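Single-letter residue listing:
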Amino acid sequence: MDNRRTFLKKGSLALLALSSSASVFPVRLCAKTEMTVTDPKTAAVIWYSQTGNSERTGRLIAETFNKKGLNVTASDYRDFDPRSIGTYDLIVAGSPVYYYDVPENFKRWLKSLPEITGKPCASYVTFGGTGGNQHNTVCSLAGLLAEKGGVPVGMETFGNMSTFAITWSYGNDARVLEYKHLPDDISYDRMRTYARLILDRVHEGQGMEIEKDCDFRDLIKNSPSIWGTKLFISHHSIDGSKCIQCGTCLKKCPVGAIDLESNHVNTDACIACLGCVNNCPAGAVHMEFMGKNVYGYHDFLKENHIQIHLPEELRKVI
Ligand SMILES: Cc1cc2nc3c(=O)[nH]c(=O)nc-3n(C[C@H](O)[C@H](O)[C@H](O)COP(=O)(O)O)c2cc1C
């Protein structure tokens, strides 16, 4: 049993190492379809966000649409009624890159949406550092909307400090801190420009093709990579002596894996999104990765005296 576990651990480490040397050639995911709306009056900007990066991006895109006179609903997907999606003229979906891909829970939600045939759609992802398969992830996100009949009018990626808590907990602070200046004013300007570009493309009736790169990371994205991480999580529970029963972890966990009555985490259901450990205000999530304690994003920010810079438009909204 021990040998099998060692083999699996070595195998996943080798896969992760290979993932940093990706070869690239383009793969076309879908062709243009006809757009049925070219003068949008309403828009839905919907995101999945665990630590705020994708939320800020979505909100700034929504504010920019608002300034252009659109009536905009801006919302986390968990607060959005999927049945209403067809009532919007323009749809934007955004998410973080998790394990080289669109997070599984958000994918599932997008797949369950009703048809949006002919509606212009745009997507964005936020990612940490570089080399995280962000281009293919935003293509996959656009592809999910296109599968529902949406016409892609934009795809964009926005870099941040990574929120993969295992990196700093394991002592690789420098890799994360390299991007501590992000998001900066330049990032926020790119988001505003992106929102205006989406509207220009819609007004011109200009759909776009989705061109994915052929990237080794696509082979280990999502489940294989989550599985690889879970293999090294040696402990995951709630510390009852620290827990303040605020319910943040329950809200953040997208798969309902936490039971606060027993302080038990269902590690089979867990998708290692780190939403619990990254957001607990009391440091009550006890997680160990290869025997090392994993601590969350807010503590990491505090420890490094980092305050996330907000654009003017969002200072009253967030
Ligand atoms: C569980 C987890 C997995 C991640 N995987 C990747 C990845 O594969 N590639 C990448 O570029 N960034 C990755 N990141 C970094 C996030 O994509 C990035 O910090 C993102 O902006 C977080 O967005 P949010 O604040 O909206 O949740 C990961 C972060 C977490 C917590």
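Conventions adopted
Residues numbered from 1 in each chain as written. Predicted model: local features only at pLDDT ≥ 70, side-chain atom pairs only at ≥ 80, totals over all residues. Heavy atoms only, no water. 1 Å grid on protein atoms, 1.4 Å probe; cavity = no way out; pocket = protein on both sides within 12 Å on 5 of 7 lines; lining within 4 Å. Points joined across faces, edges and corners; volume = space filled by probe spheres on them. Helix = DSSP H or I, 4+ residues; strand = E, 2+ residues; numbered from the N terminus. Nonpolar A, V, L, I, M, F, W, Y, C, P; charged D, E, K, R; others polar. Core = buried A, V, L, I, M, F, W, Y, C linked by side-chain atoms within 4.5 Å. Buried < 20%, exposed > 50% of the residue type's maximum accessible area, 1.4 Å probe, protein only. Contact = heavy atoms within 4.5 Å. Phe/Tyr/Trp six-rings, centres within 6.5 Å; stacked < 30°, edge-to-face > 60°.

Caption draft 1: Layout of the layout of surface pockets. The computed volume of the second largest pocket comes to approximately 360 Å³. What lines the second largest pocket is a set of 18 residues, and nearest its centre among them are Ser 49, Gln 50, Gly 52, Glu 55 and Lys 252. For the lining of the second largest pocket, the secondary structure elements donating two or more residues are helix H2 (53-67), helix H9 (248-252) and helix H11 (297-303). When the residues that make up the lining of the second largest pocket are grouped by side-chain class, the tally is 5 nonpolar, 6 polar and 7 charged.

Caption draft 2: View of the nonpolar core. If you look at the biggest cluster of nonpolar residues, it comprises 66 residues, and the most contacted ones within it are Phe 106, Trp 109, Leu 110, Met 161 and Ile 258. Apart from the residues lying within four places of it in its own chain, the contact partners of Phe 106 are Ile 46, Trp 47, Tyr 48, Tyr 77, Ala 93, Gly 94, Ser 95 and Leu 141. Counting residues in each nonpolar core, the second largest holds 26 residues, with Ala 43, Val 72, Leu 90 and Tyr 188 among its members.

Caption draft 3: Fine view of the packing of aromatic side chains. Evaluated as defined, the whole model comprises 15 aromatic pairs. The interplanar angle of 55° and the centroid separation of 5.2 Å between the aromatic rings of Tyr 77 and Phe 106 together place this pair among those described as tilted. On the criterion of sequence distance, the pair formed by Tyr 77 in the loop between strand S3 (71-76) and strand S4 (90-96) and Phe 106 in helix H3 (residues 104-111) is long-range, its members being 29 residues apart. Accessibility expressed as a relative area gives 7% for Tyr 77, which makes it buried. Here Tyr 170 and Phe 289 contribute two aromatic rings whose centre-to-centre distance is 5.9 Å and whose plane-to-plane angle is 90°, an arrangement assigned as edge-to-face. Here Tyr 170, found in the loop between helix H5 (165-169) and helix H6 (173-177), pairs with Phe 289, found in strand S11 (residues 285-289); they are 119 residues apart in sequence, far enough to count as distant. When its relative accessible area of 11% is taken as the criterion, Phe 289 is described as buried. Connected via pairs of aromatic rings, a cluster forms that spans Tyr 48, Tyr 77, Phe 80, Tyr 88, Tyr 98, Phe 106 and Trp 109.

Caption draft 4: Main features of the environment of His 264. Among the secondary structure elements, His 264 is positioned in strand S10 (residues 264-265). A relative accessible area of 47% places His 264 in the partly exposed class. The sequence separation of His 264 and Ile 238 amounts to 26 residues, and the corresponding C-alpha distance is 6.4 Å. Beyond its immediate sequence surroundings of up to four residues, His 264 is in contact with Ala 257, Ile 258 and Asp 259.

So yeah, pure geometry; function would need other evidence.
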